Amino acid sequence: MPAWLPEALIFFSLVFLLLQESFAGERGVTPLLAWGAQALALFCLPFLPGEASLLGGSFLLHPQALLFKAIFLLSALVCTLYAVERPNPDREGRIRGEFLMTLQASLLGAMVLVSAGDLITLLIGLELATLPAVALSAWARRNPQSGEGGLKYVLLAALSSALLLFGFALLIGLSGSLALEAPARPLPLQGLVLALLLAGAGFKLSLPPFHLWAADVYQGAPTPVAIWLSTASKAAGLAFLFQLLQGPLAGALPDMLPLLALLAVLAMSLGNLVAVLQQNLKRFMAYSSISQAGYLLLGLLDGWSDAGLAAMLYYMLVYVIGNLVVFGVILERERDCGATEIEDFRGLIRLRPGLATAMLLGLLSLAGIPPLAGFTGKWFLFAQAAAGGWYWVVLLAAVNSTISLYYYLRIVRQMFIEVDGDLPVRGDGGTRAGRIIAAGTVAICLAGILPWLYEGMRGML
Amino acid sequence: MRPSDPFFYLFALLALGLARACVCSQHLLRATLYLAGVLFCGAAFYVILDAEFLAGIQLLVYIGGISVLLIFAIMLTRGPDLLKDRPSPLRRNLALALSLSFMGLCSFLVLRTDWPAALPAEPHENPVRDMGVRLLNPGEGGLLLPFEVISVLLLCVAIAAIYLARPGSGEERPLS
């Protein structure tokens, strides 16, 4: 099977969605065009060659890229299915082709980014992953918060692009090469280049101090878009960081470790402490995702190794599935009662027991409670940090996990304990979203106890 | 001292002054004009560096395209009275301190660095032709993939921008 097949599928689906939108009139587009292409591309991944180099090395395929593409396609598929599931109770309408097209574009950008073989392709891939996501976050035009979030996102995205371009310009100018590889001799100004590139990656991963956009954007964006931002977009940030660490920054990782440790601790602590105060669940998930990005960085603290890489990819996958489940429940509640405050989850176990159970397992996995997948993922990451001798970071990470348990359990308390008095609207429940949430919940439970997932990833790399 | 050096310093001073005026101007339209001036100085630097093609691109795209687009956007969106922005003293000083510290850091690093001799440049008979060939070259060192991907980017961003800017017709399906 040709190595470019998944990208081609997504690209053609994008074009067909655009054409269909132009001619479909009131009928609207067929969502199958979007999610069918994503599902097909996901299905193709295992049959692609393990190593390939196309277009003179601009497009590379390797196991790491395949794993990232699986994460991107999985998130995109679930986001699309959630988005086209059922309309709001009070607003009927048709599905807009532009929305699905823009989502496909962001997906295509992420896939190009992880397969990029030179600096220009890497940068364009990152922009193609980011800019459509910015537009998507402002998509709910009747909601002023969505516009506000979109504006903040576009301004900070422009700032991060400016820093990144400055870094790339210095890098290309000083090394005289577009290749995505370590410079032959140490560059002058290496520290500045490193700081600028790290700032760009930090923005995508929403690591403090580049996290300022996250909360407002997550809260204002339509929920399927918030899911996209918290899963695939974050994975794209990690992929970008990996590309840099295997490319231009390859020799610099040992010098960067104290900085990475500091960023990780800052992200975990700040995300957790602010999450405790939140009342809106989407905002809450934004801060939760900031702290999760901090845990992810622990995998780098033992230097660049296959074990660390596998630990980070495994945790990314686990985090993505956990977020897909939790956000799926949030979306269901939003469609049932039109709001996403923590209050609206009161007594959910009486109203929709299935959703409440899924939410419980999703949140506990994000908090890292055994035997769920989140625990296993965190365990591997902590082990990496400990292997590198960063015991104080591990200690702080463990303390942070405990704090996070407190705020995740706040929601569980609303759902399971506060069941008396007037309960919010029940809602009637979707069919497909419910099945996806159920599948995700099962995956969270199984991934924690079946060892072959992590072992398989480790073997692939 | 090369003969072009006085011009470099002249345009550098001009660029600095215009950039300051652009940032500090109370009026959006004037700021845009100052910005066009800064971009023009950029074109002048390219000429000084013997990169005439880039200078032409700078004039065409940035001054001819982007500045005009900005002016249109300003004129089409709001009345000139609303364009005044008065940042609070705290914000102003904070921004000043941040920019100065970034400038200080960069200058410190640039001055402290031991710069290598310039890389030997390959002679180009026709640099514009070489650039064009490279952009569409699918082989080694070619940039066909980013060239194609950027067209997808432009298409999608343009369509998304039209969707967001279009007056609402009320028939779309809200996603949440």
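Residues numbered from 1 in each chain as written. Chains lettered and ligands numbered in written order. Predicted model: local features only at pLDDT ≥ 70, side-chain atom pairs only at ≥ 80, totals over all residues. Heavy atoms only, no water.

### Description of the domain arrangement of chain A
Residue and element names in this part refer to chain A. Looking at the assigned domains, one finds that chain A contains domain 1 (1-248) and domain 2 (254-461). In this complex, domain 1 contributes 46 residues to the contact, which on the side of domain 2 involves 49 residues. Taking both partners together, domain 1 and domain 2 bury about 4,300 Å²; carbon and sulfur atoms supply 75% of that area. One can count one salt bridge joining domain 1 with domain 2. Counting every contact that joins domain 1 to domain 2 gives eleven residue pairs in polar contact (both at pLDDT 80 or more). Every element with two or more residues in the side of domain 1 that touches domain 2 is listed here: helix H3 (63-83), helix H7 (190-205), helix H8 (214-220) and helix H9 (223-246). (Domains from an automatic or database assignment. Contact = heavy atoms within 4.5 Å. Buried area = accessible area lost by both parts, 1.4 Å probe. Salt bridge = Lys/Arg side-chain N within 4 Å of Asp/Glu carboxyl O. Polar contact = N/O pair within 3.5 Å; in protein donor to acceptor, adjacent residues only side chain to side chain. Helix = DSSP H or I, 4+ residues; strand = E, 2+ residues; numbered from the N terminus.)

### A closer look at the packing of aromatic side chains
Centre distance and the angle of the planes are the two values used to describe a pair of aromatic rings. All chains considered together, the criterion is met by 23 aromatic pairs over all chains. Where Tyr314 of chain A meets Phe380 of chain A, the ring centres are 5.7 Å apart and the plane angle is 75°; that geometry is what we call edge-to-face. In this pair, Tyr314 of chain A sits in helix H12 (residues 306-337) while Phe380 of chain A sits in helix H15 (residues 373-387), placing the two residues 66 residues apart along the sequence. Of the two residues, Tyr314 of chain A and Phe380 of chain A, both sit in the buried class. On the numbers, 5.4 Å between centres and 75° between planes, the contact of Phe8 of chain B with Tyr9 of chain B is edge-to-face. Take Tyr9 of chain B: its relative accessible area is 53%, and that puts it in the exposed class. Each residue in the set Phe68, Phe72, Phe242 and Trp304 of chain A is aromatic and connected to the rest through ring pairs, giving one cluster. Residue placement shows Lys378 of chain A over the ring face of Tyr295 of chain A; its charged tip is 4.2 Å from the ring centre. (Phe/Tyr/Trp six-rings, centres within 6.5 Å; stacked < 30°, edge-to-face > 60°. Buried < 20%, exposed > 50% of the residue type's maximum accessible area, 1.4 Å probe, protein only. Lys NZ or Arg CZ within 6 Å of the ring centre and 35° of its normal.)

### Remarks on the packing of helix H1 (residues 5-24) of chain A against helix H4 (residues 97-115) of chain A
Residue and element names in this part refer to chain A. Relative to each other, H1 and H4 sit at 160°, their axes nearing to 9 Å. Relative to H4, the element H1 lies roughly antiparallel. Like other packed secondary-structure pairs, H1 and H4 cross with a definite hand, here left-handed. Of the residues in H4, those in contact with Pro6, Glu7, Ile10, Phe11, Ser13, Leu14, Leu17, Leu18 and Glu21 of H1 are Gly97, Glu98, Leu100, Met101, Gln104, Ala105, Leu107, Leu108, Met111 and Ser115. Of the residues in the contact of H1 with H4, the class split is twelve nonpolar, four polar and three charged. (Axes fitted to C-alpha atoms, helices over the stretch in contact; angles between N-to-C directions. Parallel < 35°, antiparallel > 145°, perpendicular 65-115°, else oblique. Left-handed = near helix turned anticlockwise from the far one by under 90°. Nonpolar A, V, L, I, M, F, W, Y, C, P; charged D, E, K, R; others polar.)

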